[in-house]
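Secondary and tertiary structure notes
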Amino acid sequence: MALPDTQGLAEAPDGLDPATVDAAILGDREAFESLVHYYGPALHRYARRMLADEGDILEVVQDTFVAAWRRLDSFRGESSMRTWLFAICSRKIVDSYRIKRAQPIDDKLLDPLVPSPEAGPFDATSNSAFLEALEEALGELPYRQRAAWTLREVEMLTFVQIGKILRLTPDSVRGHHHRARANLSERMTRWR
Amino acid sequence: MTESRTDALMAHASDVLRNAPEPGWDRISDKVIRALRSTSASSWPLDAHASEGPRLGTVSVSDHVLRTHLAAEIRSRHHCSPSSIEFFVDGHEIRSLRIELTAPYGVDLAELSDRVRFTVVDVVHLILGDMDPPVSAESVHIAVVDIVDDLPAEENTKSHSEH
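Residues numbered from 1 in each chain as written. Chains lettered and ligands numbered in written order. Predicted model: local features only at pLDDT ≥ 70, side-chain atom pairs only at ≥ 80, totals over all residues. Heavy atoms only, no water.

1. Quick word on the overall build of chain B
Tallying secondary structure elements over chain B gives four helices and five strands in all. In sequence order, chain B lays out its α and β elements as α-α-β-β-α-β-β-α-β. Residue burial in chain B is summarised as follows: out of 163 residues, 48% are buried. Across chain B, the fraction of contacts at a sequence separation of at least 24, relative to all contacts at a separation of at least 6, is 60%. If you sum the accessible surface of chain B, you get close to 8300 Å²; carbon and sulfur atoms cover 52% of it. (Helix = DSSP H or I, 4+ residues; strand = E, 2+ residues; numbered from the N terminus. Buried < 20%, exposed > 50% of the residue type's maximum accessible area, 1.4 Å probe, protein only. Contact = heavy atoms within 4.5 Å. Areas by Shrake-Rupley, 256 points an atom, 1.4 Å probe, with all protein chains shown as cover.)

So this is what it looks like as structure tokens:
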């Protein structure tokens, strides 16, 4: 009988020392905590856009890392540590049954806050308002569109990686991303 | 706002969203770490034998403990970094091991493998005691799976001089 262990990483995560990742995979608790601090913000950022409740976000992110720690022996290095953690997180979100449902956006949110034709959306006065409108528009998207857009545009993952995370084919991910992009563009085109 | 203008803004917005601080994480990170510290990693019990002393017999040692200890010893004694440590067991007795290593350019890989092999035998014997049959150098399989420019400084502490 072979006790399975980890295989080498197929792709090294950006900015994180591969030796630290290897040590974490081999059960070094301190190294694993380095992973937690490194990937925690991104997982929290993702969970926050997928879930409505603050308590659910904590639970999902915490359960993601606890599950990863318990299941280190199942990490095969077929994907990066980041993809693996996002995949666990994605399953926890779905299993929580508390996905932030698509909410029809209030069109007033898209009304101009600074109704000047010269003022661009990223002028200092309107920057946060644009982002707020974008977050609201994101919240209006169906779950898979929101997930695909967030993982692609914010986390910069490939369609293949997102497919592993969401358990979809890369083509399906591309379709969800395309629709998300079209919906967001339509919403944000109306924003000035 | 034109569509291309919107695309440019969306791209910029993605950058902003990606690089914005995540204060929510700062609020929960301590709780996550505490939860982790109270969680055991999954493990398989390995038999450890005491052949002398007042408490003869067999106790179980988690494979997680042995793996972590082996990794730490290999990293501290040799100019390389283990990326995989796999145990092949018969029930709860280790029969052989496979270790995958990352090594720096310029190292004699055959020599390195031999040294690591003997470290593994040493550590396994230290933790699991006298096994029948014992884990020997022949039952430790080493594979250097990656060569890198250099390893982090802490990897090189005791280096070659120990062996």
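2. So, helix α1 (residues 18-25) of chain A
Here α1(A) lies mainly inside the structure; seven of its eight residues are buried. The set of residues buried in α1(A) consists of A19(A), T20(A), V21(A), D22(A), A23(A), A24(A) and I25(A). Of the surrounding elements, those touching the buried residues of α1(A) are α2 (29-50) and α4 (81-95) of chain A together with α3 (63-77), β3 (81-90) and β4 (93-104) of chain B. Structurally, the start of α1(A) carries an N-cap: the backbone nitrogen of A19(A) is 3.0 Å from a side-chain oxygen of D17(A). One or two residues past the end of α1(A) sits G27(A), with phi positive at roughly 100°. (Polar contact = N/O pair within 3.5 Å; in protein donor to acceptor, adjacent residues only side chain to side chain.)

3. Some remarks on the nonpolar core
In globular proteins that are soluble, nonpolar side chains generally tend to be buried together. In terms of nonpolar packing, the biggest core is built from 52 residues, with F32(A), Y46(A), F65(A), M81(A), I93(A) and L166(A) touching the most fellow members. Counting only elements with at least two residues in this core, the list comes to α1, α2, α3 (54-70), α4, α6 (143-154) and α7 (159-166) of chain A together with α2 (23-37) of chain B. Sorting elements by how many residues they give to this core places α2(A) first, with ten residues. Split by domain, the residues of this core number at least three in each of domain 1 (13-103) and domain 2 (104-192) of chain A. Residues L66(B), A71(B), A103(B) and V124(B) belong to the second largest nonpolar core, which totals 30 residues. (Core = buried A, V, L, I, M, F, W, Y, C linked by side-chain atoms within 4.5 Å. Domains from an automatic or database assignment.)

4. Topic: the side chain of S185(A)
In this structure, S185(A) sits in helix α8 (residues 170-189). Leave out the neighbours within four places in its chain, and S185(A) touches T6(B) and D7(B).

5. Focus on the pairing of β3(B)
All names here are of chain B. With eight of ten residues buried, β3 is to be regarded as a mostly interior element. In this structure, β3 lies alongside β4, joined through nine bridges in antiparallel fashion. Paired with S84 across the two strands is E100, which belongs to β4. Counted along the chain from β3 to the antiparallel partner β4, the turn is two residues long, and its residue G91 has a positive phi close to 70°. (Pairing = 2+ DSSP bridges.)

6. Quick look at α2(A)
Y39(A) marks the point of greatest bend in α2(A), at about 45°, and the proline P41(A) comes within the next four residues. N-capping of α2(A) is provided by D28(A), with a side-chain oxygen placed 3.0 Å from the backbone N of E30(A). (Bend = angle between axes of the 7 residues up to and from the residue.)

7. Some thoughts on the domain arrangement of chain A
All names here are of chain A. Examined at the domain level, chain A breaks down into domain 1 (13-103) and domain 2 (104-192). Between domain 1 and domain 2, the contact holds 22 residues from the first and 22 residues from the second. Of the roughly 1800 Å² buried at the junction of domain 1 and domain 2 (both faces included), carbon and sulfur atoms supply 55%. At the junction of domain 1 and domain 2, the tally comes to two salt bridges. Here R45 ties to E155 by a salt bridge, and the two come within 2.8 Å at their closest N and O atoms. Looking at the side of domain 1 that touches domain 2, the elements with two or more residues in it are α2 and α4. Sorting elements by how many residues they give to the side of domain 1 that touches domain 2 places α4 first, with eight residues. Taken together, the residues of the side of domain 1 that touches domain 2 break down into nine nonpolar, five polar and eight charged. (Buried area = accessible area lost by both parts, 1.4 Å probe. Salt bridge = Lys/Arg side-chain N within 4 Å of Asp/Glu carboxyl O. Nonpolar A, V, L, I, M, F, W, Y, C, P; charged D, E, K, R; others polar.)

8. Re the interface of chain A and chain B
In this assembly, 53 residues from chain A lie in contact with 48 residues from chain B. For the chain A and chain B pair, buried surface summed over both sides reaches about 4700 Å², with 61% attributable to carbon and sulfur atoms. Across the chain A-chain B interface, the total number found is three salt bridges. A salt bridge links E22(B) to R48(A), with the nearest nitrogen and oxygen atoms 2.7 Å apart. On inspection of chain A and its partner chain B, the count reaches twelve residue pairs in polar contact (both at pLDDT 80 or more). The set of elements that each furnish at least two residues to the side of chain A that touches chain B consists of β1 (2-3), α1, α2, α3, α5 (124-140), α6 and α8 of chain A. For the side of chain A that touches chain B, the leading source of residues is α2(A), giving eleven residues.

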